[in-house]
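Spelled out, the chains give:
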Amino acid sequence: MTQLLLFNAINGLIIGAFYVLMALGLSLILNLSGVINFAHGGFLVLGGYLAYALTPYVGFWGALLIAPLLTAGVGFVVERLMVRRVYGRDPLYGLLLTFGLAFILEDGTRSIWGAQGLPVSIPAVLARPLSSDFFFITGYRLFMVGTVAAAVFLLFALLRYTRVGIRIRAGTLDLDTVSALGINVRGLRSLNFAAGIFLAGLSGVLAGGQLGLEPTMGTGLLMPGFVAIIVGGVGSLPGTLLGGLLIGLASGVTAVFFPSASEAVIYILMAVVLMVRPHGLLGEEGLLT
Amino acid sequence: MSAAIEADNLHSFYGKSHILHGVGLRVAEGGITALLGRNGAGKTTTLRALIGLTPPRQGRVMVFGVDTTHWPSFRIAALGVGYVPEGRHVFPNLTVEENLKVPLERPGPWTLPRIYQLFPALADRRRNRGRQLSGGEQEMLAIARALLLNPRVLLLDEPSQGLAPLVVREVFRIVVEMRREGISVLLVEQNVRMSLEIADYAYVLDDGSVVHAGSARELAADPARIAALAGATAEQWTDP
Ligand SMILES: Nc1ncnc2c1ncn2[C@@H]1O[C@H](COP(=O)(O)OP(=O)(O)OP(=O)(O)O)[C@@H](O)[C@H]1O
Ligand SMILES: [Mg+2]
């Protein structure tokens, strides 16, 4: 029983790590550009498949870095050509545009790599379980959590200690004033969008190693990403982090007792949080602190 | 004297409401130009037109001889235009020091250590968040932030608003200090007496039009004129 609980808690942690990565990217883009990026799952898929295509040339480790960077590059171009045109307009424009982009990305991958799932091979060092007692803790699972932790740590450090990061945080509250202080806010938004897409690409690479690749694999992570943002409090990145971990854990632990409710539980959790704190856990005073 | 900023025939709108009706003004280089007028006269709208936040629908803005009328605000600011918005607009979620790291780093004499020297109160509170500061400290931070851009001209929108008399005096002292540093200043104020004391030239705006332009000293010497220019609610902005 304890082992089962531990197994599912670890599982939840891993799921939570993916939610966090997705939600942080969504949150970055939402906070600075006011766009709810429905194409985020599409970029995740792109990242996964790019890694698959790159692995024969640069190996797993090379692909782990290069695929998200390439995905971010695509995101950068897409922002410049399309997404920036909806800034400041009715949110509906952004929803429609990114919804369309999601289909394009998904069908694009399907037509290049096929609708069939693809297996992804991971390095042998990562494939082994840690011990026979804890057979479910494979090296790859630890590696995923570690990589997500490193990415989150890096993101928060960049936002906290670099001028670009400080300007992004300033811009989430008052972009006009940032612009009036001489900062090219168009470039800032492009860069920030690309950073968010980098995280989506990274999720895709990591998820591919665990579950294999499928053109629809991004869809299942998108809604929990939004739920994580809402649970944590819109506008607060630490809140998003907390929200992602919480709903991941809740979903993992619920799988022990009510397996059928493991997906519904995150929405129940969201409802409960919103009843107690309408702005989410860190929403009110936590604005990007 | 040449002009730091020259605006001609500005017409600005918020949606359908026509706010500025052909405003023209000139900010002389090296001087303090006051832009006065009662509530709702269009002072803030004029400043926003100059910095590009509310671009005019008609008219022309020249900054240091460059036509900037349809430029985004960050390009105008990058020419050396510092902007201290009405209500300060300090970033509340950022620490004082982070607030000071937002502006573009144009080369020039203003550096973080020098700013802390001029504003010791900010140095003491460098790790506090913007929202934790008093009104006076927020105003100092907004001015300091604009200075770190190393501006050649500074646009100040009601820097004395809501501050205690002692702090107001400190703000005006700093504005005079800016002129000594060679920075041209456009000062929007409702505190007419103190503004005219330090300004070289003054404009009075009413209902979106310039109703008076002339030497600040002459206007200061003519209280009846000030009252007449301001219309019915003169006492509101001629006081104290
Ligand atoms: N965002 C806005 N939308 C619609 N109307 C506005 C907006 N901002 C200002 N106005 C209107 O434009 C007119 C000029 O406003 P503005 O803020 O420029 O005046 P002001 O001289 O700066 O006044 P104050 O001394 O109160 O700051 C006012 O009638 C005001 O109601
Ligand atoms: Mg105003």
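Residues numbered from 1 in each chain as written. Chains lettered and ligands numbered in written order. Predicted model: local features only at pLDDT ≥ 70, side-chain atom pairs only at ≥ 80, totals over all residues. Heavy atoms only, no water.

Draft legend 1. Spotlight on the site of ligand 1. All names here are of chain B. Surrounding ligand 1, one finds 13 residues, the nearest of these being Lys43, Thr44, Thr45, Glu86 and Gln190. At a separation of 2.8 Å, an oxygen atom of ligand 1 approaches a polar backbone atom of Gly40. Interatomic distance of 2.7 Å between a side-chain N/O atom of Thr44 and an oxygen atom of ligand 1. For the shell around ligand 1, the element with the highest residue contribution is helix H1 (residues 43-51), accounting for 3 residues. Of the residues belonging to the shell around ligand 1, the class tally is 3 nonpolar, 6 polar and 4 charged. (Near = heavy atom within 4 Å. Polar contact = N/O pair within 3.5 Å; in protein donor to acceptor, adjacent residues only side chain to side chain. Helix = DSSP H or I, 4+ residues; strand = E, 2+ residues; numbered from the N terminus. Nonpolar A, V, L, I, M, F, W, Y, C, P; charged D, E, K, R; others polar.)

Draft legend 2. Structural detail: the nonpolar core. Counting residues in hydrophobic clusters, the biggest one holds 81 residues, and the most contacted among them are Phe43(A), Val178(A), Leu206(A) and Val102(B). Beyond its immediate sequence surroundings of up to four residues, Leu206(A) is in contact with Phe18(A), Leu21(A), Leu64(A), Tyr140(A), Phe143(A), Met144(A), Thr147(A) and Val148(A). Formed by 46 residues, the second largest nonpolar core is a distinct cluster that contains Ala146(B), Val171(B), Met178(B) and Ala216(B). (Core = buried A, V, L, I, M, F, W, Y, C linked by side-chain atoms within 4.5 Å. Buried < 20%, exposed > 50% of the residue type's maximum accessible area, 1.4 Å probe, protein only. Contact = heavy atoms within 4.5 Å.)

Draft legend 3. Highlighting the coordination of the magnesium ion (ligand 2). The magnesium ion (ligand 2) binds to the protein through Thr44(B) (OG1) and Glu86(B) (OE), with metal-donor distances spanning 1.9 to 2.5 Å. One end of the pair, Thr44(B), is in helix H1; the other, Glu86(B), is in the loop between strand E6 (81-84) and helix H3 (96-99), with 42 residues separating them in the sequence. (Donors = N, O, S within 2.8 Å, 3.2 Å for Na, K, Ca; no water.)

Draft legend 4. Structural view of the sheet that holds strand E5 (residues 66-67) of chain B. Residues and elements named next belong to chain B. Taken together, the 4 strands give an open sheet; going across it, the order is E2-E1-E4-E5, and neighbouring strands pair in antiparallel fashion. The sheet is open, and its two borders are formed by strand E2 (17-28) and E5, each paired with just one other strand. The pairing of strand E1 (residues 3-14) with E2 spans 9 bridges and is classified as antiparallel. The residue of E2 that forms the bridge with Glu6 is Arg26. Relative to the sheet, H1 contacts E1, E2 and strand E4 (58-63), its axis offset from that of E1 by approximately 115°. (Pairing = 2+ DSSP bridges. Axes fitted to C-alpha atoms, helices over the stretch in contact; angles between N-to-C directions.)

Draft legend 5. Structural detail: the environment of Thr177(A). For Thr177(A), the position within the fold is in helix H6 (residues 163-180). Beyond its immediate chain neighbours, meaning those up to four positions away, Thr177(A) contacts His89(B), Phe91(B) and Arg145(B).

Draft legend 6. Structural context of the side chain of Thr98(A). Residues and elements named next belong to chain A. Structurally, the position occupied by Thr98 is in helix H3 (residues 91-113). Since its relative accessible area comes to 0%, Thr98 is described here as buried. There is a polar contact of 3.1 Å between the side chain of Thr98 and the backbone nitrogen of Phe38. If sequence neighbours within four positions are ignored, Thr98 has contacts with Val35, Ile36, Asn37, Phe38 and Ala39.

Draft legend 7. Unusual backbone geometry, seen in detail. Residue and element names in this part refer to chain B. One non-glycine residue, Phe64, lies in positive phi territory at about 50°. Turning to its location among the elements, Phe64 is positioned in the loop between E4 and E5. Take Phe64: its relative accessible area is 18%, and that puts it in the buried class.

Draft legend 8. Spotlight on helix H1 (residues 2-33) of chain A. Spanning 32 residues, H1(A) covers 45 Å between terminal C-alpha atoms, matching the ideal 46 Å at 1.5 Å per step. Just downstream of H1(A), Gly34(A) is the residue with a positive phi angle, here 70°. (Expected span 1.5 Å × (residues − 1).)

Draft legend 9. Layout of the interface of chain A and chain B. On the side of chain B, 27 residues touch chain A, which itself brings 24 residues to the contact. Buried area between chain A and chain B, both sides added, is near 2100 Å², and the carbon and sulfur share of it is 59%. Broken down residue by residue, the surface that chain A buries against chain B is led by Arg163(A), Ala180(A) and Leu181(A), which jointly contribute 29%. Our count for the contact surface shared by chain A and chain B stands at 3 salt bridges. The salt bridge involving Glu105(B) is made with Arg163(A); its shortest N-O contact spans 3.3 Å. Our count for the contact surface shared by chain A and chain B stands at 10 residue pairs in polar contact (both at pLDDT 80 or more). For the side of chain A that touches chain B, the secondary-structure elements that each account for two or more residues are H6 and helix H7 (185-211) of chain A. (Buried area = accessible area lost by both parts, 1.4 Å probe. Salt bridge = Lys/Arg side-chain N within 4 Å of Asp/Glu carboxyl O.)

Draft legend 10. Highlighting a nonpolar patch on the surface. Residue and element names in this part refer to chain A. Nonpolar side chains collect at one region of the surface, where Tyr57, Val58, Leu65, Ile66, Leu69 and Leu70 lie side by side and expose about 590 Å² of accessible area between them. Its location among the elements puts Leu70 in helix H2 (residues 40-81). Here Leu70 falls in the partly exposed class, since its relative accessible area comes to 42%. (Patch = residues over 30% accessible without salt bridge, like charges linked within 9 Å, V, L, I, M, F, W, Y side chains within 5 Å. Areas by Shrake-Rupley, 256 points an atom, 1.4 Å probe, with all protein chains shown as cover.)

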